[in-house]
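Listed here are the chains, written in short residue letters.
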Amino acid sequence: MSRHPARHRVVVLALDGILPFELGIPQRLFGRARDADRRPLYEVVTCSVRPPGPVRTDADFSILVENGPEALATADTVVIPASYELGPVFEEGVLTPELAAALAFVRPGTRLVSICTGGYVLAAAGRLDGRPATTHWASADHFQRLFPAIDVDPDVLFIDDGDVLTSAGVAAGIDLCLHIVRRDHGAAVANEVARRTVVPPYRSGGQAQFIQRPVPERQLAATTAARAWALGRLHEPIQLRDMAEQESMSVRTFTRRFREEVGLSPGRWLTQQRVEHARHLLESTDLSVDAIARDAGFGTATSLRQHLQTALGVPPTVYRRTFRTGAGG
């Protein structure tokens, strides 16, 4: 199997019982990432734990996978989507001999990614011990009991722990793949992928907003207008009471509704939006760091540096140097 020398290779491991939707996410998202000259930035291939052949899905059809487990040895990133036929992996937290032999092909230093309950495979392989991780909220308690050495967070859409990344259920795989593109090549490339896929480039909040409550609350009002109002005024000081007034709510009621709808506090959401706006300006303009700090609502360059360092692990100048040219390859 030949390999394109200039592209980051993503190998997707298709297990029996795989969900077709999740299997298609890496190909769709990574496959749409292009540099400024429209050259693909990733090469995506799919493999099985067995020699090439059919793999069962959870639907009424199988898929023909043309690569065996040896393809994992060529991966820069391995993605493991969810499967409904994990057997002892899900029930006992141990790998089958076939799966263990397949994962043995993965080279040290390869980035590992799971979508939904694909995290059980990484956990059973010992790749999540002592690390933070997430999975579908409905499986989080079971996941934690089966793997007590893992710090399970059931409330987030995904967790980036450097060389190991895990996501919540189904559509959170889209969020995670977009995050990886953003991490590798910057927000401009990730935003273009999102536009072509007709999905939001960034979803605030976490799984908490999707967990069914025992008594569903009547949504007599929403916080959508307040969020739109705030996004148009990121450069201005925004107080919680200002946002609450847009919905004619008390601060207490607004805060509760906001958490229910977004999964974050208004303050944390606002900071995320300002960081995203600052990233966009760093990539797409020649504005000074001071000007970007003011335009994004951080006020001072020092504040922007602190927030960007916390969110991304790099200061503004390093981010700009990396991703201003990153979109151009």
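Parameters and conventions
- Residues numbered from 1 in each chain as written.
- Predicted model: local features only at pLDDT ≥ 70, side-chain atom pairs only at ≥ 80, totals over all residues.
- Heavy atoms only, no water.
- Phe/Tyr/Trp six-rings, centres within 6.5 Å; stacked < 30°, edge-to-face > 60°.
- Helix = DSSP H or I, 4+ residues; strand = E, 2+ residues; numbered from the N terminus.
- Buried < 20%, exposed > 50% of the residue type's maximum accessible area, 1.4 Å probe, protein only.
- 1 Å grid on protein atoms, 1.4 Å probe; cavity = no way out; pocket = protein on both sides within 12 Å on 5 of 7 lines; lining within 4 Å.
- Points joined across faces, edges and corners; volume = space filled by probe spheres on them.
- Nonpolar A, V, L, I, M, F, W, Y, C, P; charged D, E, K, R; others polar.
- Pairing = 2+ DSSP bridges.
- Core = buried A, V, L, I, M, F, W, Y, C linked by side-chain atoms within 4.5 Å.
- Contact = heavy atoms within 4.5 Å.
- Expected span 1.5 Å × (residues − 1).
- Axes fitted to C-alpha atoms, helices over the stretch in contact; angles between N-to-C directions.

**Q** Looking at this structure, how should I read the packing of aromatic side chains?
**A** Inspection of every chain in the model, using the stated rule, returns 7 aromatic pairs. Between tyrosine 120 and phenylalanine 147, the aromatic rings sit 6.0 Å apart at their centres with planes inclined by 70°, giving edge-to-face as the arrangement. Of the two residues, tyrosine 120 sits in helix H4 (residues 119–124) while phenylalanine 147 sits in the loop between helix H5 (140–146) and strand E8 (151–152), which places them 27 residues apart along the sequence. Phenylalanine 147 shares its class with tyrosine 120; the two are buried.

**Q** I tried to follow the layout of surface pockets on my own but got confused; where do I start?
**A** A probe as big as a water molecule, rolled over the atoms, marks out the empty space that is left. Taken as a whole, the largest pocket encloses approximately 1000 Å³ of empty space. What lines the largest pocket is a set of 32 residues, among which Phe158, His179, Tyr202, Gln272 and Ala311 lie closest to the centre. Contributing elements (two or more residues each) for the lining of the largest pocket: strand E9 (158–160), helix H6 (172–185), helix H11 (266–284), helix H13 (301–312) and helix H14 (316–323). Take the lining of the largest pocket: its biggest share by element is 6 residues, from H11. Its residues placed into classes, the lining of the largest pocket shows 13 nonpolar, 10 polar and 9 charged.

**Q** I'm lost on the pairing of strand E5 (residues 77–80) in this one. Help?
**A** The two faces of E5 match: Thr77 and Val79 on one face and Val78 and Ile80 on the other face are all buried. With 3 bridges joining them, strand E1 (residues 8–13) and E5 adopt parallel strand pairing. Residue pairing in the sheet places valine 12 in a bridge with valine 79 of E5. Relative to strand E6 (residues 111–114), E5 is paired through 4 bridges, and the arrangement is parallel. Residue threonine 77 lies in a different strand from E6, and its bridge partner there is arginine 111.

**Q** It is not clear to me how the nonpolar core should be interpreted in this structure. Could you clarify?
**A** One recurring pattern in soluble globular proteins: nonpolar side chains tend to sit buried together. Ranked by internal contacts, the top residues of the largest apolar core, which has 32 residues, are Phe30, Tyr42 and Val181. Apart from residues no more than four positions distant in its own chain, tyrosine 42 is found in contact with Arg7, His8, Val10, Phe30, Ala33, Ile180, Val181, Asp184 and His185. Ala75, Ala124, Leu128 and Ala140 belong to the second-largest nonpolar core, a separate cluster that totals 31 residues.

**Q** Explain H6 to me, please; I cannot follow it from the model alone.
**A** Helical geometry: 3.6 residues make up each α-helical turn, so side chains three or four residues apart lie on a common side. Over its 14 residues, H6 extends 20 Å from the first C-alpha to the last, a length consistent with the 20 Å expected when each residue adds 1.5 Å. For H6, the buried fraction is high: 12 of the 14 residues fall into the buried class. Residues of H6 that are buried include every one of Ala172, Gly173, Ile174, Asp175, Leu176, Cys177, Leu178, His179, Ile180, Val181, Arg182 and His185, and no others.

**Q** I'm lost on the sheet that holds E1 in this one. Help?
**A** Sheet strands line up and pair through hydrogen bonds in the backbone, either parallel or antiparallel. Taking strand neighbours across the sheet as the criterion, the 6 strands line up as E2-E1-E5-E6-E10-E9 in an open arrangement whose pairing is mixed. The sheet terminates laterally at strand E2 (42–47) and E9, the two strands that pair on one side only. Each neighbouring strand pair of the sheet contributes to a mean axis angle of 15°, computed without reference to strand direction. Its contacts with the sheet put helix H1 (residues 20–30) on E1, E2 and E5, and the angle it makes with E2 is roughly 165°.

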